Amino acid sequence: MNLIVASNNTGKISEIRALLSPIDVYSPGDLDVNIEVEETGDSFYANALLKASAFAKETGMTALADDSGLQVEILNGRPGIHSARFGPPELDDRGRCELLLKHLVNYPAVENRKARFCCAMVATSPEGRQCESIAYCEGHITSQITGDGGFGYDPVFFVKSHNCTMAQLSKTTKNSISHRGKALKAIRPKLINLLKEI
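1. A look at the overall build of the protein chain
Here is step 1: Helices and strands together make up the secondary structure of the protein chain, namely five helices and seven strands.
Here is step 2: In the protein chain, the order of α-helices and β-strands from amino to carboxyl end is β-α-β-α-β-α-β-β-β-β-α-α.
Here is step 3: Relative to a compact globule of 198 residues, whose C-alpha radius of gyration would be 16 Å, the protein chain shows 17 Å and is just as compact.
Here is step 4: Across the 198 residues that make up the protein chain, the buried fraction comes to 47%.
Here is step 5: Within the protein chain, contacts between residues separated by at least 24 positions form 59% of all contacts whose residues are at least 6 apart in sequence.
Here is step 6: Summed over its atoms, the accessible surface of the protein chain is roughly 9900 Å², and 48% of this surface lies on carbon and sulfur atoms.

2. Focus: the side chain of S27
Here is step 1: Following the sequence through the fold, S27 ends up in the loop between β2 (24–26) and α2 (44–59).
Here is step 2: Residues within four places of S27 in sequence aside, it is in contact with I4, V5, I13 and R17.

3. Considerations on the pairing of strand β4 (residues 114–124)
Here is step 1: Counting buried residues in β4 gives nine out of 11 residues, a clear majority hidden from the surface.
Here is step 2: Two strands pair when backbone bridges link them, and strand β3 (residues 63–72) and β4 are joined in this way by 10 bridges, in the antiparallel orientation. When the sheet's bridge partners are listed, Q71 is paired in β4 with R116.

4. Brief notes about the packing of aromatic side chains
Here is step 1: For the structure shown, the criterion picks out one aromatic pair.
Here is step 2: Between the aromatic rings of F117 and F157, the centroid separation amounts to 4.4 Å while the plane-to-plane angle is 40 degrees, which identifies the pairing as tilted. Residue F117 is located in strand β4, and its partner F157 is located in strand β6 (residues 157–159); the two are separated by 40 residues in the primary sequence.
Here is step 3: Using a relative accessible area of 5% as the deciding quantity, one classes F117 as buried.
Here is step 4: The exposure class assigned to F157 is buried, which follows from its relative accessible area of 0%.

Cut-offs and rules
Residues numbered from 1 in each chain as written. Predicted model: local features only at pLDDT ≥ 70, side-chain atom pairs only at ≥ 80, totals over all residues. Heavy atoms only, no water. Helix = DSSP H or I, 4+ residues; strand = E, 2+ residues; numbered from the N terminus. Rg over C-alpha atoms; globule rule 2.2 N^0.38 Å. Buried < 20%, exposed > 50% of the residue type's maximum accessible area, 1.4 Å probe, protein only. Contact = heavy atoms within 4.5 Å. Areas by Shrake-Rupley, 256 points an atom, 1.4 Å probe, with all protein chains shown as cover. Pairing = 2+ DSSP bridges. Phe/Tyr/Trp six-rings, centres within 6.5 Å; stacked < 30°, edge-to-face > 60°.

The following block contains the structure:
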């Protein structure tokens, strides 16, 4: 059972490979595939579907895509679908974390810093069959960057159940509680069935 992941994010691909065994998961780099999909959707699901459909059409393989991001309650759900493009284009992950903290500097109380990660996941076959899942991870935004694991907003996302940021969790623990881990677990049996039908 072969699957291409519609992403060049090495952290994301590593998480997906760990959770989708025994499916053979390929990255675009593994197959020398180089396509850019403009994320013009108005939701995480819409963007995931755009990416999965484009990669399935280009490669002739079933493609799995996710669109995920951080929703901060007091910022009306921002950065949301623009999480990876929050702020000026030259910002890296740390820069985006620092920018987010600046947006929240006037809201020091934990109850004003509620946030959640959301992940919408879609798999599409070249023939157009598809399956999907959506999942969340609840937490709050810290007042400083803490931890050097994970990627994205992990160093500023505090997980109350583990009393630390997502960036301080082991990969195994993170995969068990994260939005992406939950979405992958939910889609895994549907995905296996989809691949068996092909």
